[in-house]
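Here is what each chain is made of, one letter per residue.
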Amino acid sequence: LSVSFLSRCYCLSSVEAFQEFRRNPRRYLLGAMPAAPCKIAVLGGPLSGKSTLCQRLSVHYGALVIDPQVLIGPHLKLLHSQKIEEARADSLENAIETVRMKILTSNTEGQDEEEREADANRVTGDHPDVQMIVSEAVAAAEQNPPEPTGEVYIELVEQKLAEMEACRREICPNMPYGGKWILDGFPTTREHWLALEERESPLSRPDMFIVLSDNSKSGTDLMDRWKALFPEDAREMDAAAAKASEAQDPEQENIQPPTKVEPPPLMKELIEKRSTYENNITPLVSLIKSSGIEPVELEISQRPAELTQAIIDMMEDQFKLSCAEMTQVDEEEEVEDAAVMHEAGKVESEETSEDAEGSSEGGDGDADGEEEEEDDDEPLESRKKWGDAHHYCPVALHRDNVLRPGNPEYACRYHACVYYLSDLESQQLFMKDPQAFLPSNSIAKPPPLRIAIIGPKASGKTLHGRALSAELGIFHIDFRALLQEQILTKLGAPVGRNIDDIPVEEVEAAELAAEAAVEDEYQVERKSVLEMEERARQDEEEEDEGEEKSNEDEKPEENGDDEPEKPPTSATTESRSESEPEPGSASGLKSGGTSGTVVDGDDVYNDDDGNPFETQEESEDADFDEFEESIRLHLAEDEPLTNDTVERLLKPFWYDERYRNAGFVLEGFPNTSEDVRILSELGILPDMVLAMIVEEDTVLKRMLPGRLGRWQEKMDRRLKRRADRKALRNKERKDDRDKSMARRRVEIRAMLVDRQELERKERAGRKAQMDEDDSEEGQDGEEGDDDDDEEDDEQPQEGDIDKELEEMLKEEFPEDEEDAEEEEEEEEDESLEDAQERIQTTITEAWDVDQERIGGALEMLSNTIVPHVEINSNSRPHVVRYLTKKALEKWCDCRQSLFTRAIPVDMASAHHMLKTGYKQASKLGRWCPVQLMEGSPILPIQNVGMSSKTFPVVVRHHIYFCSSLRARNLFTADPLKYLAQPGSPPCVPLKVAIVGPPKSGRTSVAQHFVEKFGCMRVSLGEALRWCLANLKHTNLGTKLQGHLDAGYPIPADLSILVLEAVLRSPLVQARGYVLDGFPLSMETVNLFREHKICPFLIIELQLDFADVKKRAKAVQNPFPEAEKDIRHDSEGAMELRNDGYKQDIDEMRSFYTDNHNNWVTVEGYRSRWAVRKTCYSLAEKSLRRVQTYLERHRQGQAARIAGLCVTPEEHNEYPKSGFEAHCPVSWADGELFDCGLVANIIEMTAEYAGRYYCMASEKHMQRFLDGPDRFTDSTGFPPAHLHARTCSGDAAAGEISRWSSSEHAGHCIVTYVDTGRASMVPGPIGVVRGNRDLLAEYNGKVYAFVDEECRTKFLRRPAYYAAVKMPRKMPAIKKPIGIAGLPNLGFFEQSLATSLSHAIADVALTKPKCPFLSTENSALLHIAFHLKAHNPNSSEFRRRHYQNKLQKFKEMCELTEKIAGIMPRDYVRPKDRPLGLTHMLKQFSGLKKAKPTAH
């Protein structure tokens, strides 16, 4: 006998209760039901606190505490007295018999047997022996009181419960039986429980047994309580125990056991009671357990408040919904049930659609277009009945405000809903107390948005991520940049980038820095080489000096200074060249090569093969910790990050306050399945992931041009720097070579000079020797001279030394070898084709790797139930941004409804759930929430039948009805957006009348209204047919049938009665009506007024008769055999019907416009769709006005009465406010505005608190509607005689005899106060005479004003302007003077000045010169013609006549120029002259004879 209702299971006691509960369950669930029953038995030993606990529980539950020991006291006394009396009565008879037998058996002397019998018969109750025996028996009975049985206890308890029930019946007769009670210390024995079980009535049997036990060692808790109650006895016992312990001698070998201390009497009694309780409670508990009840054992060491709360929790937990763990079997069953229900729903929907198709008779195309097929491929996972956290972990959401997807392995079921928990710990916490992690009275609020964007390189992650963060107002996090920031301070340069991706400026800066370092090293080494060369030269000089000194010391004295010095040998030069570097050489320095050198920067950035982006020296010198090393390896070698690294990097974005409350967009992570696994373990998964999918061709198209451009720029700059560096090196080498050559030139020149000197000395010696030989021989003197001359000729010259010196320097310092060496060191650069192929290969390989990683990440995200959306990023940025926005619509625009699920159901199921009470109707009733949010005042058409076009949706415990498939999709996407509406507006039936000439489309528009509004189309024919069908047996139906049978036309008074009966039908009362062709004439209008029939809107379709005839011809004739003149759509018939329509239409239009302001005109010549749309919008606006009025009136707010068809008479008769016809808002602003000046005062009237308030403008109306209480206080409002009013000069003639006698002598007071306006008028500032026709009366005085604006200002603030004092000296009154009385100059100035100035100006522009007239006469004629052509006093014909003459005169003046322009220089025959020249010459000659005149 169990039933499920609202996700709960209820157990009933009988079949009758089961049926009654099913019939109306809510009747028995009112209030906080089910209430926890309170039938408790509290057991415990002495001083266990059971009475205190009972009292606290009774206060909490309002229960009655029943102590059987208290109830048994009077009963025991009664039983004891009855026992004594019984003992007395029994002992008295026995005592009398005993005494008698004693007397009869005694052998008393002197008595015979008869005497003894007589004495025995005289024994009565007063006999002493009898009295003694009775006293002994009574004393024995008093010493043995009666022991009450269990039945006695139970009877007393039941009597107490019966008394309690009787009192409760007196308070509330319908109160359920079985009140709340608590038994204090019962039952205490097995006999009590057995007697309790034997009772037939279960009302006295407790539902819960609480056993208070003392589990402390040796009962110390009870002993402490006893000592607290009896402190004196406790001190005596402690003293005795201390004395006994002192009596023991600790030095004795045989220690005797301590002497037992006799406890006090009260303590002894306590111990006996406790022993008795313990002996009885153990078998009692076992017996209770055997009956199926589990007693609750509590430790008395807890505080009473803690014990009370523990019992309350245990009692109420029985009636709370428990959270159960879902097993794999439960999961499979749920999936099967979902699949079966889905298939059943599909079959039912197909049947519904078939029935709808069979019953539908057509409709608009847009309505049919909404019937789209639903998605049948919806995953079974989405059909689960999720809880308040959907598939996210409720513990993480409540505790950390994080959307953490739950694990299906840790699933729970609570309130018939499924919850996924993230781990075992969360599951245990949730199962312990589910309500602690779920919202109590509201829907869970989603945390801020956390999105991850992943994708290959060049997919647009950064572009769209930054745009998304700017649009949503959240943070943007670039994960790779975040990694670079962690190690940038130690490395000084980013890690892991390709050189083609680095900006050229950054590359150039790094290369320049590297070149600067190399240049510094080069300069240092160059300086060291120069220093070595200088030291070698100095050492060589010192050695030469030492050798010279040694040679001088060793040289024979006879030789003297004539011994020649030996030149240095070539071996010396070779040894020096081997041991020392030659001057100007670059040995030992780094060359300017390109492969692996600092110049190219390949050791600073990635090389072209993709090597790590780092500096070798920096990576070796940097000291990384474990966190930084993990980041470096990830960036440089693409190693996965560790869990600790990811946690340290990303966890602050989930838990820090600034990110936690704002949200973020994480770009570039997670990229792999390993990243997803780490995030899942850390519990910091994003809400959703956007995967930017891009094709390989698109990546190449986006990346290749940029990389090639950067490569080209890099190569250009590299070649330029290389050329500059080469020129610099060549210049340095040339400078070093020149310095070395200069130094070497000096050395070689000195050597050559020394050698020349030695040769000269040798020649001189040889010559001396030869001279000696010649002198000795004395012969060949002349030949010797010749030889000397030859030797002199052979001496080397200075030019020969220089030539030899240059040759030696060229051999020693060659130029071509250095250039060749430089060219050999240079390596060939990469070509453009090779670079393009290399970069393209690199991009393709990187794209393949990214695609594989992202695919694995998306698969892992699916396993962890993290939603992801793939965005096609091949399109243009604005297209991708649009796709991204559509993908994030659920997570951004509809985020508030993230945990709210809307379940579409069919109409039959919705009605069944409402009928059975399983679901409730919403506060919106049958209104479509989407249409209501969009401002539609139309209640959707809903039928109970299966062919209805209504789409019910279940949200929690309520059902909402959507009017279309589009509305249902919008509602299910974001239900909370539409549920935030205040409630359903009042249902207003449509009341529209459509009039117009024949063929204007009245019936088509009326039929369209019927389809859209669900109202009834009422025409004269339709009304008659309805009356004959539904009111056939009424007086009206009989009368109508009699007229039709007699062939009489239906009179107007009878037709109005028929119409009135139709308008009282249920459909019209609920949905409204549209009158097709009503009212017909003014007679019908008067009948409408008599019967209170007034449509909210009357639409007139205006159409010319030509269009009427055209439409009549276009319609196919249904009776082709009929004569042309008698057809209903013939031209004659159309003309008659059109004339009948136009007979009273103007008067009807004027009547409804003036009285109800509900007449609107629509151009009927437009297309039917345009006319329908216009009429529909007008009807919708009319309904919205009435709805707004009713809604605001129901809420006690101010409401406009526009659109309610209030007549001026009704407006005047309705109670007005204290402001009468003045605007209260203007009065609050310090102005007094008479709303009677407003064109349509009813449109500007608002109703509030049963009174009408008139407004000055739409702005004032809006202010009043927003807060009417600020403007309704009319205290201080001036009386009627102090109001300013307008008046005319004729009306004021009786009050002012002369114009000058008006207030301020007829001058405008407003202009005087308004100095800004007065400054623009001539005369004294502000003193301007008013207009006689612009007058106003205030406080018995008349004021004149310059214009209507000034008068309006005065009427709004009369007291302000009337209090202003004008100057005493006023300008003189201007008396009018006739123009004929003016002098000539004044006459011309007042009459001809303007016209004459215009004529003179025209003369100045045209400069006329007529042939054969002087310039003066030509100008005078032009002025005369101009004055007559523009004379305002002349007739139109005369002005046009002189305008033609003026034009001809201008042509005469232009004739000379025209002839001069085309006349040839020489004579030409007339036939050969230019066209028109002959005519011009004749006209020119004719002017000589007939000169123009001014007449």
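Here the structure is a predicted model, which means the values were calculated and not measured.

(A) Geometry of the overall build of the chain. In terms of regular secondary structure, the chain is built from 57 helices and 30 strands. Buried positions account for 37% of the 1495 residues belonging to the chain. Pairs at least 24 apart in sequence give 72% of the contacts found in the chain among residues at least 6 apart. Surface summary for the chain: the accessible area is close to 86900 Å², and the carbon and sulfur share equals 51%.

(B) Geometry of the pattern of salt bridges. Throughout the structure, instances matching the rule amount to 34 salt bridges. The salt bridge involving Glu1231 is made with Arg1356; its shortest N-O contact spans 3.5 Å. Of the two residues, Glu1231 sits in the loop between helix H46 (1224-1228) and strand S26 (1245-1248) while Arg1356 sits in helix H50 (residues 1348-1356), which places them 125 residues apart along the sequence. The partly exposed category is assigned to Arg1356, whose relative accessible area is 27%. One salt-bridge network, in which partners are shared between bridges, spans Arg1002, Arg1017, Glu1022, Arg1025 and Asp1076.

(C) Spotlight on the packing of helix H16 (residues 461-472) against helix H30 (residues 877-887). Following both chains from N to C, one finds H16 and H30 inclined at 55°, their axes separated by 11 Å at the closest point. As judged from the angle between their axes, H16 and H30 are oblique. Judged by the sense of rotation from one axis to the other, the crossing of H16 with H30 is right-handed. Contact with H16, carried on its side by Leu463, His464, Ala467 and Glu471, involves Pro877, Val880, Arg881 and Lys885 of H30 and no other residues of that element. Per-class residue counts for the contact of H16 with H30 are four nonpolar, one polar and three charged.

(D) Representation of a nonpolar patch on the surface in the model. Where nonpolar side chains cluster on the molecular surface, the patch consists of Ile1379, Phe1387, Phe1388, Leu1392, Leu1396 and Ile1400 and spans about 490 Å² of accessible area. Mapped by element, the contributors of at least two residues to the nonpolar patch are helix H52 (1384-1391) and helix H53 (1393-1406). Considering the arrangement of structural elements, one finds Phe1388 in helix H52.

(E) A look at a negative patch on the surface. The grouping of Glu113, Glu114, Glu115 and Glu117 at the surface amounts to a negative patch. Looking at the secondary structure, you find Glu117 in helix H4 (residues 113-121).

(F) Representation of helix H10 (residues 265-290). With 26 residues, H10 extends 38 Å from end C-alpha to end C-alpha; this agrees with the ideal 38 Å at 1.5 Å per step. A maximum bend of about 25° is found in H10 at Ile281, where proline Pro283 lies one to four positions downstream. Where H10 is concerned, the buried positions are Met267, Leu270, Tyr277, Ile281, Leu284, Val285, Leu287 and Ile288.

(G) Molecular detail of the environment of Glu628. Residue position: Glu628 is located in helix H21 (residues 626-637). The exposure class of Glu628 is buried, given its relative accessible area of 12%. Taking the C-alpha atoms as reference points, Glu628 and Lys490, 138 residues apart in sequence, are found 9.6 Å from one another. Setting aside residues up to four positions removed in sequence, Glu628 forms contacts with Gln486, Ile487, Lys490 and Asp623.

(H) Representation of the confidence of the model for the chain within the structure. Predicted confidence across the chain gives a mean pLDDT of 77, with 78% of residues reaching 70 or more. Segment residues 1122-1126: pLDDT under 50, and three contacts once partners within four positions in sequence are set aside and those in other chains are kept. The model gives residues 1291-1301 a pLDDT under 50, and that stretch makes 18 contacts with residues more than four places away or in other chains.

(I) Focus on the sheet that holds strand S25 (residues 1199-1200). If you trace the three strands from one edge of the open sheet to the other, you get S25-S26-S27, paired in antiparallel fashion. Only two strands of the sheet have a single partner each, and these edge strands are S25 and strand S27 (1251-1254). Along the sheet face, helix H47 (residues 1258-1266) touches S25, S26 and S27 and points at about 10° away from the line of S26.

(J) Summary view of the pairing of S27. Direction of pairing for S26 relative to S27: antiparallel, over a ladder of four bridges. Bridging from a neighbouring strand, Tyr1248 pairs with Arg1251 of S27. What sits between S26 and S27 in their antiparallel hairpin is a turn of two residues, with Ala1249 showing a positive phi close to 55°.

(K) Seen up close, the packing of aromatic side chains. Applying the stated criterion to the full structure yields 32 aromatic pairs. A centroid spacing of 5.1 Å and a plane angle of 45° characterise the contact between Phe1412 and Phe1484, whose relative ring orientation is tilted. You can see Phe1412 sitting in the loop between H53 and helix H54 (1415-1429) and its partner Phe1484 sitting in helix H57 (residues 1477-1489), a full 72 residues away along the chain. The rings of Tyr1338, Tyr1343, Phe1345, Phe1354, Tyr1360 and Tyr1361 are connected pair by pair, giving a single aromatic cluster. Its guanidinium or amino end placed over the ring of Phe961, Arg926 lies 4.3 Å from that ring's centre, counting from NZ or CZ. In this structure, Arg1357 packs its charged tip against the face of Tyr1360, placed 4.3 Å from the ring centre.

(L) Here's a closer look at the sheet that holds strand S8 (residues 324-325). Pairing in this open sheet of three strands is antiparallel, and the strands run S8-S9-S10 from one edge to the other. Two strands bound the open sheet, and with one partner strand each, they are S8 and strand S10 (417-421). Running over the sheet, helix H15 (residues 424-432) touches S8, strand S9 (407-414) and S10 and is turned about 0° from S9.

(M) Examining the environment of Met326 more closely. With respect to the secondary-structure elements, Met326 resides in the loop between S8 and helix H12 (328-359). Expressed as a C-alpha distance, the spacing of Met326 and Val418, which sit 92 residues apart in the sequence, is 8.5 Å. When sequence neighbours within four positions are dropped, the list of residues in contact with Met326 reads Glu331, Glu334, Ala411, Cys412, Arg413 and Val418.

(N) Structural detail: unusual backbone geometry. Cis geometry marks the peptide bond from Phe186 to Pro187; its omega dihedral reads -5°. Among the structural elements, Pro187 can be located in the loop between strand S5 (181-184) and helix H7 (190-198). For the peptide bond that leads from Phe1078 to Pro1079, omega is -10°, which places it in the cis range. Examined against the element boundaries, Pro1079 turns out to sit in the loop between strand S22 (1072-1076) and helix H41 (1082-1090). Even without being a glycine, Leu47 presents a positive backbone phi close to 60°. With respect to the helices and strands, Leu47 occurs in the loop between strand S3 (39-44) and helix H2 (50-61). The class of Leu47 is partly exposed, set by a relative accessible area of 29%. The phi dihedral of Ala458 falls on the positive side, at around 70°, and the residue is not glycine. Note that Ala458 resides in the loop between strand S11 (450-454) and H16.

(O) Spatial organisation of the nonpolar core. By size, the foremost hydrophobic cluster in this structure holds 38 residues, and its most contacted members are Phe479, Val646, Leu649, Leu650, Phe653 and Phe669. Those elements that provide at least two residues to this core are S11, helix H17 (479-491), H21, helix H22 (643-655), strand S13 (664-667), helix H24 (673-682), strand S14 (688-693) and helix H29 (832-863). Setting aside its immediate chain neighbours within four residues, Leu650 contacts Phe479, Leu666, Phe669, Leu679 and Ile684. Core analysis: the next-biggest nonpolar cluster, separate from the first, contains 33 residues, Met1016, Val1058, Leu1075 and Leu1087 among them.

(P) Here's a closer look at the environment of Cys1453. Positionally, Cys1453 belongs in helix H55 (residues 1436-1453). Judged by relative accessible area, which is 11%, Cys1453 ranks as buried. C-alpha separation for the pair Cys1453 and Lys1409, spaced 44 residues apart in sequence, amounts to 5.1 Å.

(Q) Representation of the pairing of strand S30 (residues 1341-1345). Most of S30 is tucked away: four of the five residues are buried. Judged from the five bridges that link them, strand S29 (residues 1331-1338) and S30 form a sheet pairing that is antiparallel. If you follow Ala1336 over to S30, its bridge partner there is Tyr1343. What sits between S29 and S30 in their antiparallel hairpin is a turn of two residues, with Asn1339 showing a positive phi close to 55°.

What counts as what
- Residues numbered from 1 in each chain as written.
- Predicted model: local features only at pLDDT ≥ 70, side-chain atom pairs only at ≥ 80, totals over all residues.
- Heavy atoms only, no water.
- Helix = DSSP H or I, 4+ residues; strand = E, 2+ residues; numbered from the N terminus.
- Buried < 20%, exposed > 50% of the residue type's maximum accessible area, 1.4 Å probe, protein only.
- Contact = heavy atoms within 4.5 Å.
- Areas by Shrake-Rupley, 256 points an atom, 1.4 Å probe, with all protein chains shown as cover.
- Salt bridge = Lys/Arg side-chain N within 4 Å of Asp/Glu carboxyl O.
- Axes fitted to C-alpha atoms, helices over the stretch in contact; angles between N-to-C directions.
- Parallel < 35°, antiparallel > 145°, perpendicular 65-115°, else oblique.
- Left-handed = near helix turned anticlockwise from the far one by under 90°.
- Nonpolar A, V, L, I, M, F, W, Y, C, P; charged D, E, K, R; others polar.
- Patch = residues over 30% accessible without salt bridge, like charges linked within 9 Å, V, L, I, M, F, W, Y side chains within 5 Å.
- Lys, Arg positive; Asp, Glu negative; His and termini not counted.
- Charge placed at Lys NZ, Arg CZ, Asp CG, Glu CD.
- Expected span 1.5 Å × (residues − 1).
- Bend = angle between axes of the 7 residues up to and from the residue.
- pLDDT = per-residue confidence, 0-100.
- Pairing = 2+ DSSP bridges.
- Phe/Tyr/Trp six-rings, centres within 6.5 Å; stacked < 30°, edge-to-face > 60°.
- Lys NZ or Arg CZ within 6 Å of the ring centre and 35° of its normal.
- Core = buried A, V, L, I, M, F, W, Y, C linked by side-chain atoms within 4.5 Å.

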